[in-house]
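Remarks on the overall topology
Below, each chain spelled out in residue letters.
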Amino acid sequence: MTSHALGQRRSMLNKVPEVTVYFWIIKILCTTVGESFADYVNETLGFGLRNTTVVFSLALVAVLVAQFRLRRYVPSVYWLAVVLISVVGTLVTDNLTDGVGVPLWLSTVVFAVALAAVFAVWYARERTLSIHSIVTTPREGFYWLTVLVTFALGTAAGDWTLELTGWSAGASVLLPLSLIGAVLATWKLGAGPVLCFWLAYILTRPLGANIGDFLASARDEGGVGLGTLGTSVLFLGTILAVVVYLSITHRDRIEGEDPSAERSTVAVEGRTV
């Protein structure tokens, strides 16, 4: 491979964090915020479903523009995008369910088919679905589209499950938590890491949403009684603290990567590798 080809394919450092315990902690926190903050703005503040969707969609577009302009992973921008995409993904499903009247089972099926289609096109073009290879703009585009669909799918599947079971806010946490445990056990037994990652990624959406409902629900409904505002403030504060920690320590950088490495990629031009 010539250095020119290398420069085209790896023109930036990996744009996503290493999958560590910090990744999953923030991911679950983000999904909780997606549920509670959307409900707070939409219902408590009375902003309305349509207006809430427009505001958060515009904010998401602005942050994604900033994310795509970066040449490496920056925790603050990346996780802000995830927070906003969690809110927008929730609102997509809520608009279909509450605004249009689409049944949750149908939304679940549609988003599952959409996710399979995104994966199929992504793999056909790039021959990988690994998040450790987000080093080109097309791959980053596929990545964020996949994340958006997984949030919408997780919302629809989680709400549909609650609709079928009628479980309380506390009990509803157990199902996605058990399924994530099963995925973890399957991975430990040798299942494909990419498949296991995306399955866990989808399942953290209903897990985080159910945790949010549990914390926000009134005590007489089996919840903690923090309310949507209290839950949002608590989790946003925790996300901020963890992101600041990661920005300082670089504990979630892909192993061996360093911001200075971006210059070394360009430096090989004109040499054969």
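Structure shown above.
Conventions we followed
- Residues numbered from 1 in each chain as written.
- Predicted model: local features only at pLDDT ≥ 70, side-chain atom pairs only at ≥ 80, totals over all residues.
- Heavy atoms only, no water.
- Helix = DSSP H or I, 4+ residues; strand = E, 2+ residues; numbered from the N terminus.
- Buried < 20%, exposed > 50% of the residue type's maximum accessible area, 1.4 Å probe, protein only.
- Contact = heavy atoms within 4.5 Å.
- Areas by Shrake-Rupley, 256 points an atom, 1.4 Å probe, with all protein chains shown as cover.
- Axes fitted to C-alpha atoms, helices over the stretch in contact; angles between N-to-C directions.
- Parallel < 35°, antiparallel > 145°, perpendicular 65-115°, else oblique.
- Left-handed = near helix turned anticlockwise from the far one by under 90°.
- Nonpolar A, V, L, I, M, F, W, Y, C, P; charged D, E, K, R; others polar.
- Salt bridge = Lys/Arg side-chain N within 4 Å of Asp/Glu carboxyl O.
- Phe/Tyr/Trp six-rings, centres within 6.5 Å; stacked < 30°, edge-to-face > 60°.
- Lys NZ or Arg CZ within 6 Å of the ring centre and 35° of its normal.
- Expected span 1.5 Å × (residues − 1).
- Patch = residues over 30% accessible without salt bridge, like charges linked within 9 Å, V, L, I, M, F, W, Y side chains within 5 Å.
- Arc of directions from axis to C-beta.

Looking at the overall build of the protein
Tallying secondary structure elements over the protein gives ten helices and zero strands in all. Order of helices (α) and strands (β) in the protein, N terminus to C terminus: α-α-α-α-α-α-α-α-α-α. When the 273 residues of the protein are sorted by exposure, 45% land in the buried category. Taking the contacts inside the protein whose residues are at least 6 apart along the sequence as the reference set, 77% of them involve residues at least 24 apart. Total accessible area on the protein stands at roughly 13100 Å², and carbon and sulfur atoms take up 67% of it.

So, the packing of helix α3 (residues 49-69) against helix α4 (residues 75-100)
Running from amino to carboxyl end, α3 crosses α4 at an angle of 150°, the nearest separation of the two axes being 9 Å. Between α3 and α4, the angle falls in the class roughly antiparallel. By crossing handedness, the relation of α3 to α4 is classed as left-handed. Its residues assigned to classes, the contact of α3 with α4 comprises 16 nonpolar, six polar and two charged.

A short note on the pattern of salt bridges
Counted under the stated rule, the structure contains three salt bridges. Note that R125 and E126 form a salt bridge whose closest N and O atoms lie 3.0 Å from each other. For R125, a relative accessible area of 53% gives the class exposed. Between R139 and E126 there is a salt bridge, and its shortest N-O distance comes to 2.8 Å.

Considerations on the side chain of T204
Residue placement: T204 occurs in helix α8 (residues 193-216). Filtering out sequence-adjacent residues up to four positions away, T204 remains in contact with W24, K27, I28, T31 and I180.

Description of the environment of T90
Counting through the fold element by element, T90 comes out in helix α4. Along the backbone, T90 and G34 are 56 residues apart, and their C-alpha atoms lie at a distance of 6.5 Å. Dropping the residues within four chain positions of it, T90 is found in contact with G34, E35, T155 and R205.

Considerations on the packing of aromatic side chains
Inspection of the entire model under this criterion finds 21 aromatic pairs. Look at Y78 and W79: their rings are 4.9 Å apart centre to centre, the planes differ by 90°, and that puts the pair in the edge-to-face class. An identical accessibility class is assigned to Y78 and W79; each is buried. Look at F197 and Y201: their rings are 5.6 Å apart centre to centre, the planes differ by 45°, and that puts the pair in the tilted class. Separated by four residues within a single helix, F197 and Y201 lie in helix α8, roughly one turn from each other. Positioned above the aromatic ring of Y201 is the side chain of K27, whose terminal nitrogen or guanidinium carbon lies 4.2 Å from the ring centre.

A word on α3
Across its 21 residues, α3 extends 30 Å between first and last C-alpha, which sits within 8% of the 30 Å expected from 1.5 Å per residue. If you follow the buried residues of α3, they end up packed against α2 (21-44), α4 and α6 (137-165).

Considering the packing of α4 against helix α9 (residues 227-249)
Running from amino to carboxyl end, α4 crosses α9 at an angle of 150°, the nearest separation of the two axes being 9 Å. In terms of orientation, α4 lies roughly antiparallel with respect to α9. Relative to α9, the crossing made by α4 is right-handed. Contact with α4, carried on its side by P75, S76, W79 and V83, involves L236, I239, V243 and S247 of α9 and no other residues of that element. For the contact of α4 with α9, the per-class residue count stands at six nonpolar, two polar and no charged.

A look at a nonpolar patch on the surface
Where nonpolar side chains cluster on the molecular surface, the patch consists of W105, L106, V109, V110 and V113 and spans about 440 Å² of accessible area. Looking at where L106 falls in the secondary structure, it is placed in helix α5 (residues 104-126). Judged by its relative accessible area of 33%, L106 falls in the partly exposed class.

Looking at helix α7 (residues 174-188)
Each full turn of the α-helix corresponds to 3.6 residues, which orients residues three or four apart in the same direction. Here α7 spans 21 Å end to end across 15 residues, near enough to the 21 Å set by a 1.5 Å rise per residue. Taken together, the buried positions of α7 are P176, I180 and V183. The arc that holds the buried residues of α7, viewed along the axis, is 55°, so those residues lie on one side. Residues of α7 that are exposed and point more than 90 degrees away from the buried face comprise L174 and K188. The elements touched by buried residues of α7 are α8. Immediately beyond the C-terminal end of α7, within one or two residues, lies G190, with a positive phi of roughly 115°.

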